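# What the coordinates show
Chain residues, written in single-letter form:
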Amino acid sequence: MSLAAETLRPPSRTLMLLEGRAIHELGAFLGALPLLSLAPRGDGHPVLVLPGLVASDLSTRPLREFLSSKGYAVSGWRQGRNLGLRTGVQQGMVDLLEEMNDSHGRKVSLVGWSLGGLYARQLAKMMPERVRQVITLGSPFAAGPKSTNAWRVYEIASGRRAEEEDPRFGGSLAGAPPVPTSAIFSRTDGICAWQGCREQASAMSESIEVESSHCGMGHHPAAVYAVADRLAQREGEWAPFDRSGWRAMVYPDPNR
């Protein structure tokens, strides 16, 4: 991790206060469902959706129900509230990923919101033979934990130091998984510094920018469409998100 990443400041108090718009973003999601129905349908492969810090599967229910309506075999993480890597959490995720892969006979796509995205990346590094792709939503993998406004909450919830990394859980957070990876981020994120939520572009990785709060990103219409678009790609035919046409007005170039 670079010095710039280690010293990256968390979002301002103003942006943090604006996180209240997550409620309105849920309303926007519900209102946009007729348009979101135009998103491409999936091929039925399994998708595991992982929640953020102190959130549960309830937080990802709108996204999971939408993806289910598109034909995917979707599961939440089934471990209650996400209170960090407490005893048994890592093994629980490994067991669930193995169960989904074995029962469906197909690789599993991982979608992780915030801390859940960090888990998704690490699982893909540990078990690439079982993972089809990774999509993160506002996940601060490319910066130190103190680039977020949530590091104290993490320490209280998990009982671990925020800087502590478990080398047995996929190694360095910043390293890209060896599978196609899409990092969705917002420059108006009030919890995580947006610079730390971007992936370096490569033949198998990209960043997609949306204008969203952190707490509403999992149900923000633009983010949900981007997730559906990424999941709908044929296995083995991954390509970067297409920003041509109308998408150029909604999804700016993240490298600007």
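Residues numbered from 1 in each chain as written. Predicted model: local features only at pLDDT ≥ 70, side-chain atom pairs only at ≥ 80, totals over all residues. Heavy atoms only, no water.

### Digging into the sheet that holds strand β5 (residues 181–185)
Here six strands make up an open sheet; going across it, the order is β2-β1-β3-β4-β5-β6 and the pairing parallel. Only two strands of the sheet have a single partner each, and these edge strands are β2 (73–75) and β6 (205–209). Averaged over all pairs of adjacent strands, the angle between their axes in this sheet comes to 15°, without regard to strand direction. The strands touched by helix α4 (residues 61–69) within the sheet are β1 (46–50), β2, β3 (108–113) and β4 (131–137), with β2 carrying the most contacts at an inclination of about 165°. Against the sheet, helix α5 (residues 89–104) contacts β1, β2, β3 and β4, and its axis sits at roughly 165° relative to β1. (Pairing = 2+ DSSP bridges. Helix = DSSP H or I, 4+ residues; strand = E, 2+ residues; numbered from the N terminus. Axes fitted to C-alpha atoms, helices over the stretch in contact; angles between N-to-C directions. Contact = heavy atoms within 4.5 Å.)

### Points about the layout of surface pockets
In this model, the largest pocket occupies a volume close to 880 Å³. Leu53, Leu115, Leu118, Pro140 and Tyr154 are the residues nearest the centre of the largest pocket, which is lined by 37 residues in total. Mapped onto the lining of the largest pocket, the elements with two or more residues apiece are α6 (115–126) and α7 (151–158). In terms of residue count, α6 provides more of the lining of the largest pocket than any other element does, four residues in total. Of the residues belonging to the lining of the largest pocket, the class tally is 22 nonpolar, eight polar and seven charged. If you add up the space inside the second largest pocket, you get close to 180 Å³. (1 Å grid on protein atoms, 1.4 Å probe; cavity = no way out; pocket = protein on both sides within 12 Å on 5 of 7 lines; lining within 4 Å. Points joined across faces, edges and corners; volume = space filled by probe spheres on them. Nonpolar A, V, L, I, M, F, W, Y, C, P; charged D, E, K, R; others polar.)

### Some thoughts on the packing of α5 against α6
Put simply, α5 and α6 touch, their axes get as near as 11 Å, and they point 65° apart. Here the hand of the crossing between α5 and α6 comes out right-handed. Mapping the contact onto sequence places Gln90, Met93, Val94 and Leu97 in α5 and Tyr119, Leu123 and Met126 in α6. Across the contact of α5 with α6, the residue classes tally to six nonpolar, one polar and no charged. (Left-handed = near helix turned anticlockwise from the far one by under 90°.)

These figures come from the coordinates and say nothing about function on their own.
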